[in-house]
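# Reading the structure
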Amino acid sequence: MPEQQDKSPSPEKITVGAEKLKTFFVTHLNRIYAAKAHLVAKLPNIENEVNFRDLRLAIRETVEDVEKQMARMEVIYELLDAPIGKGSIHGLTGLIDDAFEAIREQAGESELRDMSIIFYLQNIESVEMASFQVLQIAAVKLKNKQVKQLLQENYDEAKADRTLLLLIATKYITK
């Protein structure tokens, strides 16, 4: 049987126009923004149910950090002269809803509920970090250093929150 060669184009770099790239960028920024708004609305609801004090403080800090990240994202929208859109109701917001459902399933077991909170917040932070990294790369193509810098600050903050949660998990489990 003769080998079939792949005839699909294999570009060495992205060559879409600036408007298409901006549309891609804003669409995905909307998804992250919508997820962050969803997270900020939900996190305070579980803060008082948390058993482990350090986790309660981390949740409070995460909410404050997410609010700062959203403010930076609002500046990005202004810099790009783009309105804040709705974002997807399935992707990241679905992940957040799944996380909170799993946390509620542990309602009778405070230690397991705390571990679920840590587990899912770690996952959410990881997805946000990856999203910010890809958007940073796209910002280079958009030729906007300020947008890239704001995304870097959001990435750094998400990474710090993720590290804090990892330290709390380690302390909580091995205590």
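Described in the following lines is the structure provided in the data block. Since this is a predicted model, take the numbers as computed values, not measurements. (Residues numbered from 1 in each chain as written. Predicted model: local features only at pLDDT ≥ 70, side-chain atom pairs only at ≥ 80, totals over all residues. Heavy atoms only, no water.)

For the rest of this paragraph, the subject is the environment of I117. Position of I117 among the secondary structure elements: in helix α4 (residues 110–142). The class of I117 is buried, set by a relative accessible area of 1%. Sequence separation between I117 and I59 is 58 residues; the distance between their C-alpha atoms is 9.3 Å. Discounting chain neighbours no more than four positions away, the residues touching I117 are I46, V50, L55, I59 and I103. (Helix = DSSP H or I, 4+ residues; strand = E, 2+ residues; numbered from the N terminus. Buried < 20%, exposed > 50% of the residue type's maximum accessible area, 1.4 Å probe, protein only. Contact = heavy atoms within 4.5 Å.)

Across the interface, helix α1 (residues 18–47) lies against α4 with an axial gap of 10 Å and an inter-helix angle of 155 degrees. What the angle tells us is that α1 and α4 run roughly antiparallel. Of the two elements, α1 crosses α4, and the hand of that crossing is left-handed. Counting all contacts with α1, which are made through A18, L21, K22, F25, H28, L29, I32, K36, L39, L43 and I46, the residues of α4 involved are I117, L121, I124, E128, S131, F132, L135, A138, A139, K141 and L142. Tallied by class, residues from the contact of α1 with α4 come to 16 nonpolar, two polar and four charged. (Axes fitted to C-alpha atoms, helices over the stretch in contact; angles between N-to-C directions. Parallel < 35°, antiparallel > 145°, perpendicular 65-115°, else oblique. Left-handed = near helix turned anticlockwise from the far one by under 90°. Nonpolar A, V, L, I, M, F, W, Y, C, P; charged D, E, K, R; others polar.)

Turning our eyes to something else, we now look at the pattern of salt bridges. For the structure on display, the rule yields nine salt bridges. For the salt bridge of K68 with D65, the shortest nitrogen-to-oxygen distance reads 3.4 Å. Of this pair, K68 and D65 both sit in helix α2 (residues 53–79), three residues apart, which is roughly one turn of the helix. Between E153 and R72 there is a salt bridge; the shortest N-O distance is 3.1 Å. In this pair, E153 sits in helix α5 (residues 145–174) while R72 sits in helix α2, placing the two residues 81 residues apart along the sequence. Note on E153: relative accessible area 31%, which makes it partly exposed. Taking the relative accessible area as the measure of exposure, R72 reaches 16% and is therefore buried. Put simply, D65, K68, R72, E153 and E157 are held in one network by salt bridges that share partners. (Salt bridge = Lys/Arg side-chain N within 4 Å of Asp/Glu carboxyl O.)

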